[in-house]
Amino acid sequence: MAKLIGAKARLREHFLNNIGRVMDSEELREVCSNQSEWARRVRELRTEEGYQILTHNDRSDLKPGQYILENPKPQPAFERAISKETRAFVLDRNGFTCQMCGAVAGEAHPYDPSRKTRLHIGHIIDKSQGGDDSATNLRALCSVCNEGASNLTLDRPSSQKLLIQVRRAKGGDQVELLKWLIGKFPKQAKEFLE
């Protein structure tokens, strides 16, 4: 009897077999047999397994919906620290209802009636921005809102506010930021250095 391979395992294998090649969301959806949760599996490969799957947020030459894995070796990943008890508490406290759009678990989703609402636990202040896994920082979110809310919990700072923060940072942190910016904008960095 053939062993069924899950969507995350298929995506992992596909990325590892295509290192350095840009892939689009349509290709990745096909790898997952058109499962609607394929983007969540990609995020899990990044956050739980540490694969550095890059997007337009990481490299300026990538368009939204494009992905690339440059290095097969995973980096240390975030630990999943939300217990089953905490998940159950948050879902119950929030009445098994999405706290952004009001969709109820198991019912047709208001933005996509072809999908039943599936609830996830989302951070109010994202971990990447200093949030923690305490119940007070968690809320029930449907998959549609959870995908759209990724790291958008705070207002985007203006360039002036960013420069103020960079000037206040330690020299080593400024160098790390410079390395990241050069990696994201290599063409523009080369132009400035000429």
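Structure's up top.
Residues numbered from 1 in each chain as written. Predicted model: local features only at pLDDT ≥ 70, side-chain atom pairs only at ≥ 80, totals over all residues. Heavy atoms only, no water.

Colleague: Just to check I follow, could you spell out the overall build of the protein chain for this structure?
Modeller: Assigned secondary structure in the protein chain consists of eight helices and seven strands. For the protein chain, buried positions account for 30% of its 194 residues. Relative to all contacts within the protein chain whose residues are 6 or more apart in sequence, the contacts with residues 24 or more apart total 54%. (Helix = DSSP H or I, 4+ residues; strand = E, 2+ residues; numbered from the N terminus. Buried < 20%, exposed > 50% of the residue type's maximum accessible area, 1.4 Å probe, protein only. Contact = heavy atoms within 4.5 Å.)

Colleague: Teacher, can you tell me more about a nonpolar patch on the surface here?
Modeller: On the surface, Leu-177, Trp-180, Leu-181 and Phe-185 cluster together to form a nonpolar patch covering roughly 330 Å² of accessible area. Its location among the elements puts Leu-181 in helix α7 (residues 171-184). Given a relative accessible area of 34%, Leu-181 falls into the partly exposed group. (Patch = residues over 30% accessible without salt bridge, like charges linked within 9 Å, V, L, I, M, F, W, Y side chains within 5 Å. Areas by Shrake-Rupley, 256 points an atom, 1.4 Å probe, with all protein chains shown as cover. Salt bridge = Lys/Arg side-chain N within 4 Å of Asp/Glu carboxyl O.)

Colleague: Would you take a moment to explain the packing of helix α1 (residues 7-17) against helix α3 (residues 38-47) for this structure?
Modeller: To describe two helices that pack against each other, one gives the angle between their axes and the distance between the axes. The geometry of α1 relative to α3 is characterised by a closest axis approach of 9 Å and an angle of 65° between their N-to-C directions. Regarding α1 and α3, the two cross each other, and that crossing is right-handed. Side by side, α1 and α3 meet where Ala-7, Lys-8, Leu-11, Arg-12 and Phe-15 of the first sit next to Trp-38, Arg-41, Val-42, Glu-44 and Leu-45 of the second. Classifying every residue of the contact of α1 with α3 gives six nonpolar, no polar and four charged. (Axes fitted to C-alpha atoms, helices over the stretch in contact; angles between N-to-C directions. Left-handed = near helix turned anticlockwise from the far one by under 90°. Nonpolar A, V, L, I, M, F, W, Y, C, P; charged D, E, K, R; others polar.)

Colleague: Please explain the sheet that holds strand β1 (residues 23-24) as it appears in this structure.
Modeller: Strands pair in a sheet through their backbones, by hydrogen bonds, and they do so in one of two ways: parallel or antiparallel. The three strands are arranged β1-β3-β2 in an open sheet whose pairing can be described as antiparallel. Because the sheet does not close on itself, it has two edges, and the strands there are β1 and β2 (53-54). Bridge count between β2 and strand β3 (residues 66-69): two bridges; the pairing is antiparallel. Within the sheet, the bridge partner assigned to Leu-54 lies in β3 and is Ile-68. (Pairing = 2+ DSSP bridges.)

Colleague: What is the right way to read the nonpolar core from this model?
Modeller: The nonpolar side chains of soluble globular proteins are, as a tendency, buried together. Counting residues in hydrophobic clusters, the biggest one holds 15 residues, and the most contacted among them are Leu-11, Phe-15, Leu-28, Trp-38, Val-42, Ile-53 and Tyr-67. Secondary-structure elements contributing two or more residues to this core are α1, α2 (25-31), α3 and β3. With four residues, the single largest contributor to this core is α3. Among the nonpolar cores identified, the runner-up in size contains twelve residues, and Ala-140, Leu-141, Cys-142 and Cys-145 belong to it. (Core = buried A, V, L, I, M, F, W, Y, C linked by side-chain atoms within 4.5 Å.)

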